[in-house]
Amino acid sequence: MALLDWMTEPAGPTVRHGSVMLRPPRAADYGDWADLRETSRDYLQPWEPTWPADDLSRAAYRRRLAVYAREMEVGGAWPLFVFDTTGERLLGAITLSNIRRGVAETGTLGYWIGRPYAGQGHATDAVKAMLTFAFETLKLHRVEAACVPTNAASRRVLEKAGFRCEGEARAYLKINGGWADHVLFGVVVDEVGRP
């Protein structure tokens, strides 16, 4: 089954906004992804969970793609890569996960942009693109996000995309090997416009 997962490209949306295009990751993206993650390791690690020892290996990437394909198939998450508008240069990744239907109709947003492309508006455009997908295509009512209080850049991205600060959570996520407090954000469809 894992071999078939590796050979089958995940189907999914292509979403564009401003300087970016989002689409599901593909097997052929491995080299660019591994290079960008390695180049950005010191830049990203203070804000992310501890990377497994084999995180950048081809085998780990194959497992990642298999998990992504299953998540998209059941509608529980939409992990997408962030590219420039041509679709040729990988800039980072964004995921809408923990999608809850029924009375919640919500999901949780996470993202990263590689060090060479940080501070150029790509993260804000990626978040806005994902919000369009979440509200117009998935028909969600609310999207949530969180960031470490000292991550001023991530906070600015969320605020520029229309998120409101809703509070703080103590020891919310295990980041870089330790439990970290987070600032909580949310946005509802009425705040960014109806589809």
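Q: Help me get a handle on the pattern of salt bridges, residues and values and all.
A: Within the structure shown, the criterion is met by 12 salt bridges. The salt bridge partner of Asp-54 is Arg-63, with a shortest N-O separation of 2.6 Å. We classify Arg-63 as partly exposed; its relative accessible area is 45%. Between Arg-101 and Glu-105 there is a salt bridge, with the nearest N and O atoms lying 2.6 Å from each other.

Q: So what about the nonpolar core? Which residues, and what values?
A: Within soluble globular proteins, side chains that are nonpolar tend to cluster in buried spots. Leu-22, Trp-33, Ile-94, Val-143 and Phe-163 are the most contacted members of the largest nonpolar core, which totals 53 residues. For this core, the element with the most residues is helix H5 (residues 122-137), which contributes nine residues. Among all residues touching Leu-22, those that are not within four sequence positions of it are Pro-13, Thr-14, Val-15, Leu-80, Phe-81, Val-82, Ile-94, Ala-126, Ala-129 and Met-130.

Q: Describe the packing of aromatic side chains, listing the residues and the values that go with them.
A: Tallied over the full model, the rule gives five aromatic pairs. Summarising the aromatic geometry, the rings of Phe-81 and Phe-83 are spaced 6.4 Å apart at their centres and angled 50° between planes, so their arrangement reads as tilted. Using a relative accessible area of 2% as the deciding quantity, one classes Phe-83 as buried. Three or more aromatic residues joined by ring pairs make a cluster, and in this case those are Tyr-30, Trp-33 and Tyr-61. Against the face of Trp-112 rests Arg-37, its NZ or CZ located 4.6 Å from the ring centre.

Q: Quick rundown of unusual backbone geometry? Include the residues and the values.
A: Residues other than glycine predominantly adopt negative phi, and peptide bonds predominantly adopt the trans conformation. Even without a glycine there, the phi angle at Asn-98 is positive, about 50°. Locating Asn-98 in the fold gives a position in strand E4 (residues 90-100). Note on Asn-98: relative accessible area 48%, which makes it partly exposed. Although it is not a glycine, Glu-105 adopts a positive phi angle of roughly 50°. Residue placement: Glu-105 occurs in the loop between E4 and strand E5 (106-113).

Criteria and cut-off values
- Residues numbered from 1 in each chain as written.
- Predicted model: local features only at pLDDT ≥ 70, side-chain atom pairs only at ≥ 80, totals over all residues.
- Heavy atoms only, no water.
- Salt bridge = Lys/Arg side-chain N within 4 Å of Asp/Glu carboxyl O.
- Buried < 20%, exposed > 50% of the residue type's maximum accessible area, 1.4 Å probe, protein only.
- Core = buried A, V, L, I, M, F, W, Y, C linked by side-chain atoms within 4.5 Å.
- Helix = DSSP H or I, 4+ residues; strand = E, 2+ residues; numbered from the N terminus.
- Contact = heavy atoms within 4.5 Å.
- Phe/Tyr/Trp six-rings, centres within 6.5 Å; stacked < 30°, edge-to-face > 60°.
- Lys NZ or Arg CZ within 6 Å of the ring centre and 35° of its normal.

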